Amino acid sequence: MSVMTETAVRQRTALLEVQDVAVHFGGVKAVDGISLEMHPGKIYGVLGPNGSGKSTLLGAMTRLTPLTRGRFVLDGHDYTKAAARKVHHMGIARTFQTVRLLDDRSVRDNILLGQDTLPKERRKEATARVEEVMERVGVREVARMRPDELSYGMQRRVEFARAIIGRPRLLLLDEPTAGMNNTERAEISELMKQLLDEGVTQFIVEHDVQMMVDTCDHLFAMNFGKLIAEGDPREVVRHPDVQEAYLGKGATHA
Ligand SMILES: Nc1ncnc2c1ncn2[C@@H]1O[C@H](COP(=O)(O)OP(=O)(O)OP(=O)(O)O)[C@@H](O)[C@H]1O
Ligand SMILES: [Mg+2]
């Protein structure tokens, strides 16, 4: 293959391809046939009312939530059947909607758990970065404390640190600023932009529409497990189906 053709192919290759993914829990079609693409070096956002399947989609992408149907391809590699641990090796990390930290370990140790499943070489490198990562997310002063001694906002920062310590290529954030005040939100938003400058593609679930419009390059909107709109953030939030999903029938005419 010539150099030019190879470059052209690479530009067309998405970082992540989600192909007709469905996750059903008995009769509940939490995710019901989602197809989307994410390209490197962008911040993607997901909007959708409660129960629309956002967290389930994120869980399926990391292979923690079993799939009913569909395919996931990261940088050309199909990982649909891979274990969650393998997906982490491949460079996908996440935070959880509900903070999941170990209260009997220090903040520092919790963050180091984010490199536990990585191969040995990368584990070493990640461990060497722990001080820097704590500094970055603003938890260095509380490194020796236990998570349950911290405010909710601080706990979320610890989760954020745990997710980025292994230098993911794709970072999935499930409501990263929930429970934070405006100052803390602005700090997290700034951190996302810094990570983007370092080449970390991001996929964020958030209910804060203004923050999503300000932070994201591209928005997806979900309702009842399906994609109802995607594209330029300002256009997506004005889309009649998105307005209706969020504000109820008739809201677009109000
Ligand atoms: N483990 C599960 N077992 C059964 N049903 C589930 C499970 N997880 C999620 N669901 C259901 O799937 C649907 C989608 O849930 P999900 O948590 O993905 O929504 P969400 O868009 O993240 O909502 P929120 O904004 O409230 O976080 C809901 O009806 C939920 O009750
Ligand atoms: Mg959710």
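Anything mentioned here points back to the structure above.
Residues numbered from 1 in each chain as written. Chains lettered and ligands numbered in written order. Predicted model: local features only at pLDDT ≥ 70, side-chain atom pairs only at ≥ 80, totals over all residues. Heavy atoms only, no water.

### Comments concerning the packing of aromatic side chains
Stage number 1. On inspection of all chains with the given rule, the structure shows 3 aromatic pairs.
Stage number 2. With a centroid separation of 5.8 Å and an interplanar angle of 15 degrees, the aromatic rings of Tyr-44 and Phe-220 are classed as stacked. Pair noted here: Tyr-44 is in strand E3 (residues 43–47) and Phe-220 is in strand E9 (residues 218–223), with a separation of 176 residues, a long-range link.
Stage number 3. Relative accessible area serves as the criterion here: at 2%, Tyr-44 is assigned to the buried category.
Stage number 4. Judged by its relative accessible area of 1%, Phe-220 falls in the buried class.
Stage number 5. With a centroid separation of 6.2 Å and an interplanar angle of 55 degrees, the aromatic rings of Phe-203 and Phe-220 are classed as tilted. Within this pair, whereas Phe-203 is found in strand E8 (residues 201–205), its partner Phe-220 is found in strand E9, the two being separated by 17 residues in sequence. (Phe/Tyr/Trp six-rings, centres within 6.5 Å; stacked < 30°, edge-to-face > 60°. Helix = DSSP H or I, 4+ residues; strand = E, 2+ residues; numbered from the N terminus. Buried < 20%, exposed > 50% of the residue type's maximum accessible area, 1.4 Å probe, protein only.)

### So, helix H8 (residues 182–197)
Stage number 1. With 16 residues, H8 ought to run about 22 Å at 1.5 Å a step, and its terminal C-alpha atoms sit 23 Å apart, in line with that.
Stage number 2. Within the span of H8, buried status applies to Glu-184, Ile-188, Ser-189, Leu-191, Met-192 and Leu-195. Angular distribution of buried residues about the axis of H8 spans 155 degrees; they occupy a single face of the element. Exposed and facing more than 90 degrees away from the buried side of H8 are Asn-182, Thr-183 and Asp-197.
Stage number 3. Looking at the buried positions of H8, the neighbouring elements they touch are E3, helix H6 (130–137), helix H7 (152–164), strand E7 (170–174), E8 and helix H9 (209–215).
Stage number 4. Looking at the residues trailing H8, positive phi occurs at Gly-199, about 95 degrees. (Expected span 1.5 Å × (residues − 1). Arc of directions from axis to C-beta. Contact = heavy atoms within 4.5 Å.)

Shape is all these values report; function is a separate question.
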